[in-house]
Amino acid sequence: MDYIRQYKSFINSHYLNGAIRITAGILLPSILLGWLHNLSAGVVLSIGAMCVGNTDNPGPIHHRRNGMIACVLIIFLVTLLTGWASGSEVMTGILVFLFCFIFSFLSIYGARASSIGINALLVMVLNIDRQRHGLDVVINAAYVLAGGVWYMVLSLLLYSFRPYRLVRQVLGEAIQSTAGYLRIKASFYSPDIDYEKGYRQLVESQVSNHEKQDLVRELLFKSRNIVQESTHTGRVLVMIFLDVIDLFERIMTSQQDYQLLHRIFDGSGLMEETHQLILGLADELDDIGVALMSGRPSEESGDVAVRIRQVREKLNSYRDTHRTAENVEGFIGLKNILDSIQDISDRLHTLHGYTTFDRQLSRNFRSEVDFEAFISHQDTDPKLLLENLTIRSNMFRHSLRVSIATITGYIISGFLPFGHGYWILLTIIVILKPVYSLTKKRNFERLAGTLGGGLVGLVILYFIKDQRVLFVLMILFMIGTYVFLRTNYLAAVTFTTPYVLLLFHLLYPSDFRSILSDRVIDTVIGSVISFLANVLIIPSWEHERITDYMTAAIEANIGYFRDVAGAFVGMPSTIHQYKLSRKKAFVALANLSDAFGRMLSEPRRQQKRITEMHQFVVSNHMLTSHTATLAYYVDPYAAKYADPAYEPLVNDIILKLRRAVAVLRDSRGIEGNDREEARDEASTKVSLPAAPMVAKEELRVLNDKLNRLLEQRKTELEDVGRSGAGEAGAIVVTEARRQLSEFKPIADQFNFIVKVATDIEKLSAPLHAALVTPQEVGYNPLF
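Residues numbered from 1 in each chain as written. Predicted model: local features only at pLDDT ≥ 70, side-chain atom pairs only at ≥ 80, totals over all residues. Heavy atoms only, no water.

1. Details of the overall build of the chain
Point 1. Looking only at helices and strands, the chain features 30 helices and zero strands.
Point 2. By residue count, 56% of the 783 residues in the chain fall in the buried class. (Helix = DSSP H or I, 4+ residues; strand = E, 2+ residues; numbered from the N terminus. Buried < 20%, exposed > 50% of the residue type's maximum accessible area, 1.4 Å probe, protein only.)

Here it is as structure tokens:
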């Protein structure tokens, strides 16, 4: 691990920038009013700033602004109502139940609305133990309102100074995530590769890459000053992002028969050198990401180009001494891999140039796609509320679960003679999530982080007595909390606990051991309640809804494959349509992978057909990768080798995938008229004949051509071997060799895709039998 690169990435990340901004926004009101001898008012202002700061997630500036305005108004109203109800435990309990349901239910409107809801509950919890009356209630709410407004103004003001800073940081992080994906691909060339582990890591990395790319897409294509205005910086950022997406697809294209390559080349050193070569490309890509985040041009290393040339020379030398008629396919495969590595290296050269932001770069930029089609819009229709007011809605069940668990915690805290009751409620609200796996993970991390952070705080308070040193440490722990809050919850909680302990110690100097014990006990109680609620109160399991992700992934892959394969039957798609279908395929695959990851964290009894499910996810990933590989050969070879005779093959692949979708949707099969309907639905560009088709028959046209070229090439090699004339030199430039090197990768991808499509169709039946769809689940209203 390159620790210097990791350090540069960290200090230039938007996580650190955001953490410093939020920390400053929270602390400044308390410091200023404390200096003016009104610390209590300053603390309340800081609470308002904290709640609004927590919702200031990365995104288009108008989304951030609207979200902060909504949060300011909501926390003001919540503080007002909580203050008026504070005189009655019954009224407070009713308010707790209603607020928990309402603000948890806001999650149906997306992540930003969910964040606003959680912070509305946070301000309720922080005011629940303080009884206020009359005008004091209004004044307290006004302070919270002022704190929220203060933070919003600060955030918008900082953005106006450097409007492109966040985009550069997020884009740099997306580039580094792509480098991580490339490293995983490199592991397949290692002699001790664990294929199952490697594919699992690819699937997980796909999810991470999608999340980061989607955030960049939101920031770029929903920001008018970037897309609609003719700014040089905005155009270059769009160019970088478009090239990064193309690069990610190019990396996916390196899907090969790795076992064949290891069988032929293990022991020659070529596989290990290829492994190191790809790792070098990943390091180069990392450097580009860090440079973009820091705002400095990246420095291109000439070492990669030299190493590529050396490996090519070694491959040629090894080929001349070890090539036979039987292993010629392996040499063609490794040559194609080196061609891919060279192509990726050339793309990195372009990206290095972009980091200079030279004005010549964007002068002739013309996008061939409509950006509007590539962004997703959050539905804010009020009808969503009514549609989800049913026990079958996962969000309705989650909201009910949070309400029941929180009111239980509120009642229990009223009987306890110790602790801070709001810590129990806060633990429940923060831990409980709509899905079991995330709640389980949060529960463990909350407990472990509280214990670990408590130990750190205990040691600090025991050995350090200087108030100024403690204040500086509190600020550092506070920054650490917000740095990791969105990326590593365990680390965030570990920083939060000493931060809270130091804060209480500075505000109310007393026995810090009692504060620590209270926090630990309250956290344990809240965690236990959350665990029981997660398991017992209308639980939601992934197998109940994963079918939707499975069918969406197959249908998106159908669209992607159709647009790519159309070029090989003489019906190419437009650039816009191709890139749109590619984006949909990547997104759907990431969603399926994410859902499968959540399923793995659930109890074993809820993991339906987990082995077949893993095979299904990997098969879809391989289908997308092979389609991406096929897409790479469209520009250089599609026009040359296009043949309408391949139409039946393309249609058969689409039909196999349509059958899988039909089975997963509880279809009884595709026969007769249904078969014809599926055919019509499967193609918008490629006409589907009515005759029944068998994959082997349709592959024969493609494979016969490939076999003729292979036999011709093998005959040439055997003739050279018998004659002993000049080894391979006399036949290097033969027409058969050239056509074989061009056509074989295309034929291989079609063969791979047929096999994967067949596997997906076979897996769909047992998975449908095991998985329970939401419509088949019978729910008890409460448990």
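Back to the text.
2. Regarding the side chain of Thr-79
Point 1. Along the chain, the position of Thr-79 falls in helix H4 (residues 61-85).
Point 2. Of the polar contacts made by the side chain of Thr-79, one reaches the backbone oxygen of Ile-75; its length is 2.6 Å.
Point 3. Excluding residues within four positions of it along the chain, Thr-79 makes contact with Val-123, Asn-127, Asn-140, Ala-141 and Val-144. (Polar contact = N/O pair within 3.5 Å; in protein donor to acceptor, adjacent residues only side chain to side chain. Contact = heavy atoms within 4.5 Å.)

3. A look at the state of the cysteines
Point 1. Counted under the stated rule, the structure contains zero disulfides.
Point 2. Not engaged in a disulfide, the cysteine Cys-51 finds its nearest cysteine sulfur in Cys-71; these two sulfurs lie 6.3 Å apart.
Point 3. Take Cys-51: its relative accessible area is 0%, and that puts it in the buried class.
Point 4. A relative accessible area of 0% places Cys-71 in the buried class. (Disulfide = S-S within 2.5 Å.)

4. Overview of the nonpolar core
Point 1. In this structure, Ile-240, Phe-265, Met-613, Phe-616 and Phe-750 are the most contacted members of the largest nonpolar core, which totals 123 residues.
Point 2. A per-element tally of this core places helix H11 (residues 232-252) first, with 13 residues.
Point 3. Excluding anything up to four places from it in sequence, Phe-616 contacts Met-550, Ile-554, Leu-592, Leu-664, Ile-760, Leu-763 and Leu-767.
Point 4. If you look at the next biggest cluster of nonpolar residues, it comprises 79 residues, including Val-44, Ile-47, Met-395 and Ile-404. (Core = buried A, V, L, I, M, F, W, Y, C linked by side-chain atoms within 4.5 Å.)

5. Considerations on the packing of helix H24 (residues 575-600) against helix H25 (residues 610-632)
Point 1. As a packed pair, H24 and H25 sit with axes 11 Å apart at the nearest point and diverge in direction by 160 degrees. Overall, the two elements H24 and H25 adopt an arrangement that is roughly antiparallel. Our pair here, H24 against H25, has a crossing hand that is left-handed. Across the interface between the two elements, Tyr-578, Phe-586, Leu-589, Leu-592, Ser-593, Phe-596, Met-599 and Leu-600 from H24 touch Ile-610, Met-613, His-614, Phe-616, Val-617, Asn-620, His-621, Thr-624 and Ala-631 from H25.
Point 2. Along the lines of polarity and charge, the residues of the contact of H24 with H25 split into 12 nonpolar, five polar and no charged. (Axes fitted to C-alpha atoms, helices over the stretch in contact; angles between N-to-C directions. Parallel < 35°, antiparallel > 145°, perpendicular 65-115°, else oblique. Left-handed = near helix turned anticlockwise from the far one by under 90°. Nonpolar A, V, L, I, M, F, W, Y, C, P; charged D, E, K, R; others polar.)

6. Notes on a nonpolar patch on the surface
Point 1. A cluster of nonpolar side chains, Leu-77, Leu-81, Trp-84, Leu-135, Val-138 and Ile-139, forms an exposed patch at the surface whose accessible area comes to about 560 Å².
Point 2. Put simply, the parts of the chain that give the nonpolar patch at least two residues each are H4 and helix H7 (135-161).
Point 3. Relative to the helices and strands, Val-138 is located in helix H7. (Patch = residues over 30% accessible without salt bridge, like charges linked within 9 Å, V, L, I, M, F, W, Y side chains within 5 Å. Areas by Shrake-Rupley, 256 points an atom, 1.4 Å probe, with all protein chains shown as cover. Salt bridge = Lys/Arg side-chain N within 4 Å of Asp/Glu carboxyl O.)

7. A look at the environment of Leu-507
Point 1. With respect to the element layout, Leu-507 can be found in helix H21 (residues 489-507).
Point 2. As a C-alpha pair, Leu-507 and Leu-39 span 468 residues in sequence and 9.3 Å in three-dimensional space.

8. As for helix H27 (residues 647-664)
Point 1. In a regular helix each residue adds 1.5 Å, so 18 residues correspond to 26 Å; H27 covers 26 Å between its end C-alpha atoms and thus fits that length.
Point 2. In terms of burial, H27 is a largely internal element, 16 of the 18 residues being buried.
Point 3. The first or second residue beyond H27 is Asp-666, which carries a positive phi of 70 degrees. (Expected span 1.5 Å × (residues − 1).)

9. Brief notes about the packing of aromatic side chains
To describe a pair of aromatic rings, you give the distance between the ring centres and the angle between the ring planes.
Point 1. Enumeration over the complete set of coordinates arrives at 26 aromatic pairs.
Point 2. Measuring from centroid to centroid gives 5.5 Å for Phe-101 and Phe-396, while their planes differ by 80 degrees, and the two rings are edge-to-face. With Phe-101 in helix H5 (residues 89-105) and Phe-396 in helix H17 (residues 394-415), this pair connects stretches of sequence that are 295 residues apart. Of the two residues, Phe-101 and Phe-396, both sit in the buried class.
Point 3. Taken together, the ring pairs connect Tyr-181, Phe-248, Tyr-560, Tyr-578 and Phe-586 into an aromatic cluster.
Point 4. Between the NZ or CZ atom of Arg-519 and the centre of the ring of Trp-423, over which it lies, the distance is 5.5 Å. (Phe/Tyr/Trp six-rings, centres within 6.5 Å; stacked < 30°, edge-to-face > 60°. Lys NZ or Arg CZ within 6 Å of the ring centre and 35° of its normal.)

10. Considering the side chain of Asn-394
Point 1. The residue Asn-394 is located in helix H17 in this model.
Point 2. Setting aside chain neighbours within four positions, we find Asn-394 in contact with Pro-434, Ser-540 and Arg-545.

11. Details of the pattern of salt bridges
Point 1. Per the stated rule, a full pass over the model turns up 30 salt bridges.
Point 2. Note that Arg-250 is salt-bridged to Asp-343, the shortest N-O span being 2.8 Å. Here Arg-250 is found in helix H11, whereas its partner Asp-343 is found in helix H15 (residues 328-354), with 93 residues between them in sequence.
Point 3. In this structure, the salt-bridge partner of Arg-665 is Glu-555, at a minimum N-O distance of 3.0 Å. With Arg-665 in the loop between H27 and helix H28 (672-682) and Glu-555 in helix H23 (residues 546-565), the pair connects residues that are 110 residues apart, well separated along the chain.

12. So, the environment of Gly-269
Point 1. Within the secondary structure, Gly-269 sits in the loop between helix H12 (258-265) and helix H13 (270-294).
Point 2. Gly-269 sits in the partly exposed class, given a relative accessible area of 26%.
Point 3. When the C-alpha positions of Gly-269 and Lys-314 are compared, they lie 9.3 Å apart, and in sequence the two are 45 residues distant.

13. Topic: the confidence of the model for the chain
Point 1. For the chain, the mean per-residue pLDDT works out to 83, and 88% of the residues sit at or above 70.
Point 2. Predicted confidence is poor over residues 667-694, with pLDDT under 50, and the contacts of this stretch with residues over four places away or in other chains come to 48 contacts. (pLDDT = per-residue confidence, 0-100.)

14. Looking at H11
Point 1. Taking 1.5 Å of rise per residue, the 21 residues of H11 would be expected to cover 30 Å, and the 31 Å separating its terminal C-alpha atoms lies within 8% of that figure.
Point 2. In terms of burial, H11 is largely enclosed, as 18 of its 21 residues are buried.

15. Side note on the packing of H23 against H24
Point 1. It is the contact of H23 with H24, at a shortest axis distance of 8 Å, that shows an interaxial angle of 155 degrees. With respect to H24, the axis of H23 lies roughly antiparallel. In the crossing of H23 with H24, the sense of the turn from one axis to the other is left-handed.
Point 2. For the contact of H23 with H24, a count of residues per class yields 16 nonpolar, five polar and four charged.

16. Considering the environment of Ser-205
Point 1. Its place among the elements puts Ser-205 in helix H9 (residues 195-221).
Point 2. By relative accessible area, Ser-205 is classed as buried at 11%.
Point 3. Once residues within four sequence positions are removed from consideration, Ser-205 is found in contact with Ser-177, Tyr-181 and Ile-184.

17. Observations concerning unusual backbone geometry
Point 1. Notably, Phe-357 is not glycine yet its phi reads approximately 55 degrees, a positive angle.
Point 2. As for its placement among the helices and strands, Phe-357 is situated in the loop between H15 and helix H16 (383-387).
Point 3. On the accessibility criterion, Phe-357 (13% relative accessible area) is buried.
Point 4. A positive phi angle, near 30 degrees, is found at Ile-538, a position not held by glycine.
Point 5. Summarising the element assignment, Ile-538 is placed in the loop between helix H22 (512-536) and H23.

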